[in-house]
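# Topology and contacts: notes
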Amino acid sequence: MMRLSIAIVLLLAPAFAHAWPWSDDMANQISIKPQESVDLKNPGMTPYPKRSIPIPGTSSMIRDMEASEKQTNPIPADDKSVALGKNLFEIYCAACHGVSGKGDGYVGAKLLLQPFDLTAEQTIERSDGFIWGYMTFGGAIMPSYANDLSATERWSVINYVRKVLQNGQSAVADEPAAK
Ligand code: HEC
């Protein structure tokens, strides 16, 4: 019995270690890997394909809060960005910060440290770069959203927080700001 279990463990070991001959077939295919050269005589990084264009947005080279805070928001707060921001805020932030951003979400109520009221003076006075950094790196309790929201999406969330939540408006498209 003992020997049988040892045999089974030995047989299954490669599966746990991802060491079957086919375990890395998905990774090892003909596609070009990051930083791989397609030109064997001329090693080094493959240049971008001809006619490829950069996507406007934020460099992913920002490594900490200090660098974050120096950024300015590159995404104009137009209707499209604000609507996208609303959608994302309600998915990713409202559970803790509440739909109104006042820090009264259902999950937030159960936390040791209450989520901050994003409509309060403190956050109004923060720079866009600070809020972007908070989403990117997280806080004491607040998790990081760097994997859930792209750099550009994070700016749209900020546009929504600024234009709608911090202005006390309740809807994006159907309730234009009072002049
Ligand atoms: C799991 C709950 C949770 C979620 C979800 C969450 N937060 Fe937070 N947030 C917190 C808590 C708690 C704090 C208080 C400070 C801390 O944890 O560092 C906070 C603080 C902040 C602050 C700092 C405000 C200031 O002025 O110092 C910002 C900005 C913020 N959150 C934005 C967001 C945004 C935008 C989202 C959605 C992408 C989000 N949070 C999602 C819990 C959450």
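Note that this is a predicted model, so its numbers are computed, not measured.

## As for the confidence of the model for the chain
Of the residues in the chain, 89% have a pLDDT of 70 or more, and the chain-wide mean is 85. Of all helices and strands in the chain, the one with the weakest mean pLDDT is helix α1 (residues 2–16) (79), whereas helix α3 (residues 79–92) scores best (97). Contacts of residues 170–179 to residues separated by more than four positions or lying in other chains number 11 contacts, the stretch itself having pLDDT below 50.

## Quick notes on the site of the ligand
What surrounds the ligand is a group of 24 residues, the closest being Cys93, Cys96, His97, Ala140 and Met142. With respect to the ligand, the side chain of Arg126 contributes an N or O atom lying 2.8 Å from an oxygen atom. One nitrogen or oxygen atom from the main chain of Ile141 is found 2.9 Å from an oxygen atom belonging to the ligand. Of the pockets mapped on this structure, the ligand occupies the largest pocket. Elements with a contribution of two residues or more to the shell around the ligand: α4 (94–97), α5 (121–124) and α6 (128–137). Among the elements that make up the shell around the ligand, the one with the highest residue count is α6 (4 residues). Residue composition of the shell around the ligand, grouped by class: 19 nonpolar, 4 polar and 1 charged.

## As for the coordination of the iron atom of the ligand
Any two of four tetrahedral donors ideally make an angle of 109.5 degrees at the metal, while pairs among six octahedral donors ideally make 90 or 180 degrees. Coordination sphere of the iron atom of the ligand, protein contribution only: His97 (NE2) and Met142 (SD), at 2.0 to 2.1 Å. The coordination sphere of the iron atom of the ligand comprises 6 donor atoms, whose angles at the metal cover 86 to 179°; the geometry is octahedral. Taken as a pair, His97 in helix α4 and Met142 in the loop between α6 and α7 (151–165) lie far apart in primary sequence, 45 residues in all.

## Looking at the nonpolar core
For soluble globular proteins, nonpolar side chains are generally found buried alongside one another. Phe89, Trp132, Met135, Leu149, Val157, Ile158 and Tyr160 are the most contacted members of the largest nonpolar core, which totals 22 residues. Broken down by secondary-structure element, the contributors of at least two residues to this core are α3, α6 and α7. Looking at this core element by element, the count peaks at 8 residues for α7. Apart from residues lying up to four places away in sequence, Val157 is in contact with Gly85, Leu88, Phe89, Cys93, Met135 and Leu149.

Definitions and limits used
Residues numbered from 1 in each chain as written. Predicted model: local features only at pLDDT ≥ 70, side-chain atom pairs only at ≥ 80, totals over all residues. Heavy atoms only, no water. pLDDT = per-residue confidence, 0-100. Helix = DSSP H or I, 4+ residues; strand = E, 2+ residues; numbered from the N terminus. Contact = heavy atoms within 4.5 Å. Near = heavy atom within 4 Å. Polar contact = N/O pair within 3.5 Å; in protein donor to acceptor, adjacent residues only side chain to side chain. 1 Å grid on protein atoms, 1.4 Å probe; cavity = no way out; pocket = protein on both sides within 12 Å on 5 of 7 lines; lining within 4 Å. Sits in = over half its atoms within 2 Å of the grid points. Nonpolar A, V, L, I, M, F, W, Y, C, P; charged D, E, K, R; others polar. Donors = N, O, S within 2.8 Å, 3.2 Å for Na, K, Ca; no water. Tetrahedral: all angles 85-135°; square planar, octahedral: opposite > 155°, others 65-115°. Core = buried A, V, L, I, M, F, W, Y, C linked by side-chain atoms within 4.5 Å. Buried < 20%, exposed > 50% of the residue type's maximum accessible area, 1.4 Å probe, protein only.

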